[in-house]
Every structure is written in structure tokens, then in C-alpha cells.
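Spelled out, the chains give:
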Amino acid sequence: MLSFLRRSYLNFSFMNPHYCCLSRNFSAALPPLLPVQLPSRMETHLWYVVPDEVKSAPLLSKYMELLPQYERDHVLGFRGDQLQKSALLARTLVRTTIARYQVDDHLDPRSLRFKRNIHGKPEVEWETKDGFCPPPLQFNISHTSSLVACGVTMNSLIGIDVEEKRRRTKNNILAFAKRYFTAHEVEHLNAIPDSELQQQEFIKLWTLKEAYVKALGKGFSSSPFNTFTIRASSGIAVETLDSPQNLTNNWQFALLELMGSHYVAICLERQETGGAGKALPIKLTARKTIPFVEDELVSGTNAVVTIGGSVTQF
Amino acid sequence: MASITRASVSMPSLSASVNQSQRRISGMNSVSFPVSGRSMIPSLRLQRGLQVCCAAKQETVDKVVAIVKKQLALPADAAVTGESKFAALGADSLDTVEIVMGLEEEFDITVEEESAQSITTVQEAADMIEKLVEK
């Protein structure tokens, strides 16, 4: 069985053979994953991988081994090296991240099962065992070819979306916004004279809207983008068109600039409020990782800059 | 006599449209009904009835392929067919929405969010376009 896998892997052109000198580190079993405590009720954990920093073919092979056959097939269904690699890293990140929390003794990233809710949102399918009460762990993933990210909370529904700051739309921004965003958002974009800034604002708005819909977990058609407005003047809030006077208080947002190159939007279900219904800031812990190789706590450094929403970094 | 003459004059145009329809219905030999001299007419009606369930025209598929290649910056010789999935080609959600917007402009249609969400391949997009264009 293993030799069949090895044979198949050698055909993955996205695994660069030039880095074979690292193979000696991975010929044996992988080192253990650094375990981490589950986030507290008020915390959000953000984990991310930079695909360009993962170059070892044997390491990527090991990641592939963590996946069940249908996920491997899914990864290989992507066209081209870069897409296959980021798809592989996305599956690897979610499996290894959840495994770190050691929810169940000796939880192996390989053994995690996933399912989709009735709207298609991915969830962990915990094993039903006597005396085992699955934790209310929530997660969401997002990836581009240059960044793969996973957000984790306990209890709060979460949606995250990542995008390169320099992402350009093929269509004219205002034409696109008029077609898909709300009037308020079009007005907001229209008022920006500098086209570079306008492009960046558009991307920020896009990621925030995506994060909201992903947090809701009901699929994009249940919340078309032109049925809710993201207001980002002081703090970030969402206003749904069917109750315009009522800023929807159930959701809070964070907008981060990661490594100076990416926007990360996080949308969370609000758990508690401070006195008089005031929102408490999001407590964020951010870690950059190459699973089984290195983990780096980056919150509070200039790798993770809060550019919107109320966030405390730990 | 007059009616026969009329029939024979209009035959060339009928056969032209029959040929077009034949292209849509692959493998169907539809012009072989053994009815008297007016055999073209019953077959054409039959073909029209069948049109609704057939897959999109090749030219629609080709136009969708062109829009997808442009949006995803794929080389002109990239292998993209009806079965190609947008996601597998590298389309993220922003790309998919832009592709739908490009299709709306190209074909002068409006695609509702519900329909847009269900399009995952080039063929599905082409089929949806033809349904909307027919309306």
C-alpha cells in the first residue's frame, strides 16, 4: 500500500525535487505536533501557513499521507502545482490544528472525520464514544495560493477570509460593486478618489462580506451580498437590509493585515457583551506554522496588524 | 400546384435551420421521416420539441471557456472543456462571481445568486445561459 502511495506521490510535480537534502529529516515518523490548549470561550486562534515556505517534497508527501483517499483525490483534482499545493496545505492545516488541541487522547490528524452541515459548511464529525463529550470547537478555513489560514474558537460560529492586498478585479470595481454590493457600500467606494486605495478598500469589504457569510454557514445564496451592508467607519458592523435601523449585534468583526501582504477578515458570533451591551474586544492569538516543523507565535508582532474592529492580541 | 411551389421555395431555408438543430442533437438522424413530400416539417417540429432538453450549443460553451480563461489568466492553449470545474482551475469565490458577471455581460442575462451558486463547471454555466437566453 505504501509503495503504491510513494509511486503516486513521485508524480506530483508540485513537489520540488531540489530540496531532497531535507529528506533525511522525514524518513522516519514525523515529530509530534506541538499541543496547544483549547481557546477559552472569549478567544480566537488564528493559524496560518505560507505555501512558499513549504518546499520539502518529502514533507509534502507526509502531509498527503495524513489525508483519507477522497481528500487526496480532491487535492489532485486541482489543475497545476500551485493549486494542488495550497489545497494540500489547507487540508493539512485544518487536520493538524484540530489535532493539536488534544480533545481526545492521542488524537491523530489522520483519524479526524469531517462532515458538512445541511448548508454545506464543513464541521468536525467527532467519534461517538462512551463518556466522550465533544467540545463545541468551531473552525473555518480560507486560502489563496499565497496563504492558507484556519480560525478556531470554542462555541462562537466563525468565518474567515483571506486575500492578497494587491488582488485586482478584472471588472471595474464600481461596476462590480453596483452589481453585487449594497448602495451604501458603492457610495463608500465611490467616495475614494485614489484608485489604489479604492482597490484595497474593495478587497477589505469583499473579505469582510465573505467572512460574514461563512460564519453564518448557510451558503451564499441565503445571504446574497447585496442584502447586507458592512459598515466600517468606527469599528466594523453588519446591517441587514431587512432591518436597516438595527445594526445586527450578533456578529463582531476583525480585519487584520498579515505580513504586510494579506488581509484577513474574521467574523465571530458574539458571545458576551460588556456593560450596557458594549462589545468586548476579540482576544486573538495568531500563530504561523509549518506543521511538524515549526510554530511561531506572531500575535502582537508587526506580522499581524489590526486594521479594523476591536482586537486585543495575545 | 401553388402550394407545392411554395413548399419547394421554402425548403432551402428549412433545411438550413434543420442542419443547425442537428448539430445540437448529436447522433440524431432527424431528417428521415418517411412522410410524403412535406417530411421536413414534422421533423423540424420534433427537433424543436427536443431542443429544451439538449445540452448547450458548442458556441456557448466556447464563449464560456473564453471568459473563464480570461478571468483566471489561463494560457490560450490550456485544456478547458465543458467538464472543467471552475474551482479545479483555480477560481476562488471572487473569480466565480467575476466569471458570472462576465457571462451576464456577454449574453445580456441576469443570473440570480441561487443559480450562480449552483454553477460549478463550464457546461453548467453554458446550460444555464441557454435557459436564460431562451426566456
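Structure first, text after, so check above.
Now for a description of the structure that goes with this document.

What counts as what
Residues numbered from 1 in each chain as written. Chains lettered and ligands numbered in written order. Predicted model: local features only at pLDDT ≥ 70, side-chain atom pairs only at ≥ 80, totals over all residues. Heavy atoms only, no water. Axes fitted to C-alpha atoms, helices over the stretch in contact; angles between N-to-C directions. Helix = DSSP H or I, 4+ residues; strand = E, 2+ residues; numbered from the N terminus. Parallel < 35°, antiparallel > 145°, perpendicular 65-115°, else oblique. Left-handed = near helix turned anticlockwise from the far one by under 90°. Contact = heavy atoms within 4.5 Å. Nonpolar A, V, L, I, M, F, W, Y, C, P; charged D, E, K, R; others polar. Buried area = accessible area lost by both parts, 1.4 Å probe. Salt bridge = Lys/Arg side-chain N within 4 Å of Asp/Glu carboxyl O. Polar contact = N/O pair within 3.5 Å; in protein donor to acceptor, adjacent residues only side chain to side chain. Buried < 20%, exposed > 50% of the residue type's maximum accessible area, 1.4 Å probe, protein only. Arc of directions from axis to C-beta.

### Re the packing of helix 6 (residues 173-180) of chain A against helix 7 (residues 183-190) of chain A
All names here are of chain A. Look at helix 6 against helix 7: their axes get within 8 Å of each other, and the N-to-C directions meet at 165 degrees. Between helix 6 and helix 7, the crossing angle belongs to the class labelled roughly antiparallel. For the pair helix 6 and helix 7, the crossing hand works out as right-handed. Along its contact with helix 6, which presents Ile-173, Leu-174, Ala-177 and Lys-178, the element helix 7 presents Val-186, Leu-189 and Asn-190. Tallied by class, the residues present in the contact of helix 6 with helix 7 amount to five nonpolar, one polar and one charged.

### Some thoughts on the interface of chain B and chain A
On the side of chain A, 22 residues touch chain B, which itself brings 23 residues to the contact. When the buried surface of chain B facing chain A is broken down by residue, Leu-94, Met-101 and Glu-113 of chain B rank first, second and third, together holding 32% of it. Inspection of the region where chain B meets chain A yields three salt bridges. One salt bridge in this structure joins Arg-167 of chain A and Asp-95 of chain B, with 3.0 Å as the shortest N-O distance. Linking chain B with chain A are 10 residue pairs in polar contact (both at pLDDT 80 or more), by the criterion used here. Put simply, the parts of the chain that give the side of chain B that touches chain A at least two residues each are helix 3 (58-71), helix 4 (93-107) and helix 5 (113-118) of chain B. When residues in the side of chain B that touches chain A are grouped by element, the largest group, nine residues, is from helix 4 of chain B. Split into classes, the residues belonging to the side of chain B that touches chain A amount to nine nonpolar, six polar and eight charged.

### A word on helix 6 of chain A
Where helix 6 of chain A is concerned, the buried positions are Ile-173, Leu-174, Phe-176, Ala-177 and Tyr-180 of chain A. On an axial view of helix 6 of chain A, the arc spanned by its buried residues comes to 160 degrees, and they lie on one face. Against helix 7 and helix 8 (195-216) of chain A together with helix 4 of chain B lie the buried residues of helix 6 of chain A. Regarding helix 6 of chain A, its N-cap is Asn-172 of chain A, as a side-chain oxygen of that residue lies 3.1 Å from the backbone nitrogen of Leu-174 of chain A further along.

### A word on the packing of helix 6 of chain A against helix 4 of chain B
The relative placement of two packed helices is expressed as an angle between their axes plus a distance between the axes. Viewed as axis vectors pointing N to C, helix 6 of chain A and helix 4 of chain B meet at an angle of 90 degrees, and their least axial separation amounts to 12 Å. Looking at the two axes, helix 6 of chain A sits roughly perpendicular to helix 4 of chain B. Within the contact between the two elements, helix 6 of chain A uses Ala-175, Phe-176, Arg-179 and Tyr-180 of chain A and helix 4 of chain B uses Leu-94, Val-97, Glu-98, Val-100, Met-101 and Glu-104 of chain B. Taken together, the residues that form the contact of helix 6 of chain A with helix 4 of chain B break down as seven nonpolar, no polar and three charged.

### Looking at the pattern of salt bridges
In this structure the tally under the stated criterion is 16 salt bridges over all chains. Between Glu-53 of chain A and Lys-288 of chain A there is a salt bridge; the shortest N-O distance is 2.9 Å. Separated by 235 residues along the polypeptide, Glu-53 of chain A in the loop between strand 1 (43-49) and helix 3 (57-66) and Lys-288 of chain A in strand 11 (residues 282-290) bring together distant segments of the chain. The partner of Lys-165 of chain A in a salt bridge is Glu-257 of chain A, and the shortest N-O contact between them spans 3.5 Å. Of the two residues, Lys-165 of chain A is situated in the loop between strand 6 (158-164) and helix 6 and Glu-257 of chain A in strand 9 (residues 251-258); the sequence distance between them amounts to 92 residues. Each of the two residues, Lys-165 of chain A as well as Glu-257 of chain A, counts as buried. Each of Glu-163 and Arg-167 of chain A together with Asp-92 and Asp-95 of chain B takes part in one network of salt bridges that share partners.

Note that all results are geometric; they support no functional claim without further evidence.
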